[in-house]
Amino acid sequence: MSSLAFVPAFRLSALYCAYFAFVGAFMPYFGLYLASLGFAPWAIGALLSVGQFTRIFAPNIWAWFADRRGRSIELLRWALALAVVSFLGLFLTTGFVALLFVLAVHALFVSASMPLFEAMTLSYLHGAYGRYGSIRLWGSVGFIIAVSAIGYALDHVPTHNFLWMALLPLIGAWLVSCSIAQPPARPHAQGESASVRQQAMRPEVLALLMAGFLMCAAHGPLYAFYSIYLDQVGYSKATVGALWALGVIAEILVFLGMPRWLSRYSPYKVLLVSFALAVVRFLLIGWGVDSLALLIIAQLMHAASFGSFHAAALTLVNAWFIGPRHVRGQALFSSLTYGAGAAVGAAAAGALWQTVGPAWTYTVASAAAACGLLLIARRGRLFPHISQ
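About the cut-offs
Throughout this document, residue positions are counted from 1 along each chain, in the order its sequence is written. Local features in this predicted model are restricted to residues of pLDDT 70 or higher, and side-chain atom pairs are both shown and tallied only at a pLDDT of 80 or more, whereas totals for entire chains, interfaces and linings draw on every residue. With hydrogens and water excluded, all non-hydrogen atoms of the structure serve as input to the side-chain values. Here a cavity means grid points, on a 1 Å grid over the protein atoms only, where a 1.4 Å probe fits yet cannot get out; a pocket means an open set of points with protein on both sides within 12 Å along at least five of seven lines; lining residues are those with an atom within 4 Å of a point. Grid points are joined across faces, edges and corners, and a volume is the space filled by probe spheres set on the points. Secondary structure elements follow DSSP: runs of H or I of four or more residues count as helices, runs of E of two or more count as strands, with numbering from the N terminus. Each residue receives one of three labels: charged for Asp, Glu, Lys and Arg, nonpolar for Ala, Val, Leu, Ile, Met, Phe, Trp, Tyr, Cys and Pro, and polar for the others, Gly being one of them. The rule is simple: take the accessible area with a 1.4 Å probe, protein chains only, and divide by the maximum for that residue type; under 20% is buried, over 50% is exposed, in between is partly exposed. Here the positive residues are Lys and Arg and the negative ones are Asp and Glu; neither His nor the chain ends is included. Counted as salt bridges are all cases of a side-chain nitrogen of Lys or Arg within 4 Å of a carboxyl oxygen of Asp or Glu. By the criterion applied in these results, polar contacts are pairs of N or O atoms within 3.5 Å in which, for protein atoms, one can donate a hydrogen and the other can accept it, and in which residues neighboring in sequence qualify only through two side-chain atoms. We call two residues contacting when some pair of their heavy atoms lies within 4.5 Å. Fitted lines through C-alpha atoms serve as axes, helices being fitted only where they are in contact, and the angles separating the N-to-C directions of these axes extend from 0 to 180 degrees. Here is the rule for angles: anything less than 35 degrees is roughly parallel, anything more than 145 is roughly antiparallel, 65 through 115 is roughly perpendicular, and the remaining ranges are oblique. When the near helix sits turned anticlockwise from the far one by under a right angle, the crossing is termed left-handed; a clockwise turn instead gives a right-handed crossing.

Asker: What exactly am I supposed to notice about empty space enclosed by the protein here?
Answerer: A water-sized probe rolled over the atoms picks out the places where empty space is left. A full pass over the atoms with the stated rule returns four cavities of 30 Å³ or more. Of the pockets and cavities examined, the largest cavity occupies roughly 950 Å³. In this structure, the largest cavity is lined by 46 residues; those nearest its centre are Val 23, Met 27, Gln 52, Arg 55 and Tyr 223. Broken down by secondary-structure element, the contributors of at least two residues to the lining of the largest cavity are helix 1 (9-36), helix 2 (41-69), helix 4 (96-124), helix 5 (132-153), helix 9 (220-233), helix 10 (237-264), helix 13 (302-320) and helix 14 (326-355). For the lining of the largest cavity, the element with the highest residue contribution is helix 4, accounting for eight residues. Grouping the constituent residues of the lining of the largest cavity by class yields 27 nonpolar, 14 polar and five charged.

Now the structure itself:
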């Protein structure tokens, strides 16, 4: 019988769709919301980075409980429910310190969700990881719907309305999680007993983690200030939303093609191309903002700087961290890359934006991606070839 016979593909896809609709509502427009409240760039960078800093440790704590209890779906439901409750605090305050606290508490719960349901999905797909992209792409669909619809709406209604627009898909993600069962436990071999620390200290694993940190740091100016940058130059919010959506459409195409590509090309080669195009992408955004054509090209490169990078890296992490270390391996990758890397990138972007300006801020981001490229080039030949 197929290994996918018991996979709740529709429900998993719906979970990705709802969760990333929330991301598509929150990430591109929360910076604009903070700017509408009068916050300076350094304060916006600090507020956006606090959630990322929380992701450094929070996913590991939740993952430890998940691996110990073996009931990751129960923890996922609690994490999403508490994420909804904590998000309500954003409706009640506009002060810097209060927002800092609310965002930290919210991130404590929402940051736990991603590694929990990524690990859950990959557990269901054991032996058929090539199907990951066909489920994960629905997250991209949710992102596109949210970012496009809210971009259009914010050209016609005050920016603060985005808060309830972001809340609705988060509630939806919690409701969907309540319909998904715990994936069946699978036996693991004796050789799977190496600790997370021992695995992480292997040269090839460490290289991927460090390169992932740099890639996510490079995206800091994008996630924190891209919408603000385009808004200041004079693009409409609908255009801003369309450019975000374009990048995610390119990402969807990557997820659809990734099973075939990873069967032909090693993760090493996929990651080399991903980092090389990321170097070019951030230079185009920084210095080509006045050209819509260059911005379109740069957004299409999101297929590489996020899409193929994420799929290839996650495939490797899933191969390295197996058995009872599965969720913690996912959490480690998430915390060091999308947590620490994104936090450093957002905070640095906030500081650089006021001192050297947007173009040079994106140039620094390009340099970070270039450093990641060098790490992959040096150690990536040790990466295994993953059959799909």
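Asker: Even after reading the chapter, I still don't get the layout of surface pockets, so can you show me in this structure?
Answerer: If you add up the space inside the second largest pocket, you get close to 200 Å³. Lining of the second largest pocket is provided by 14 residues; of these, Trp 261, Val 270, Val 273, Ser 274 and Ser 308 occupy positions nearest its centre. Those elements that provide at least two residues to the lining of the second largest pocket are helix 10, helix 11 (267-287) and helix 13. Broken down by element, the residue count for the lining of the second largest pocket peaks at five residues, all from helix 11. Tallied by class, the residues present in the lining of the second largest pocket amount to 11 nonpolar, two polar and one charged.

Asker: Hey, could you run me through the side chain of Arg 281 in this one?
Answerer: Of note, Arg 281 is situated in helix 11. No salt bridge is formed by the buried Arg 281. Its closest oppositely charged neighbour is Glu 251, at 8.2 Å. Within the local environment of Arg 281, its side chain forms a polar contact with the side chain of Ser 305, the two groups lying 2.8 Å apart. Discounting residues that sit within four places of it in the chain, Arg 281 has contacts with His 219, Leu 222, Ala 298, Gln 299, Met 301, His 302 and Ser 305.

Asker: Teacher, can you tell me more about the packing of helix 8 (residues 203-218) against helix 11 here?
Answerer: Each pair of packed helices can be described by the angle between their axes along with the distance between the axes. At a minimum axis distance of 11 Å, the contact between helix 8 and helix 11 shows a crossing angle of 25 degrees. The orientation of helix 8 with respect to helix 11, classified from their angle, is roughly parallel. For helix 8 against helix 11, the interelement crossing comes out left-handed. Touching Leu 208, Ala 211, Gly 212, Met 215 and Ala 218 of helix 8 are Leu 271, Ser 274, Phe 275, Ala 278 and Phe 282, all from helix 11. Tallied by class, the residues present in the contact of helix 8 with helix 11 amount to eight nonpolar, two polar and no charged.

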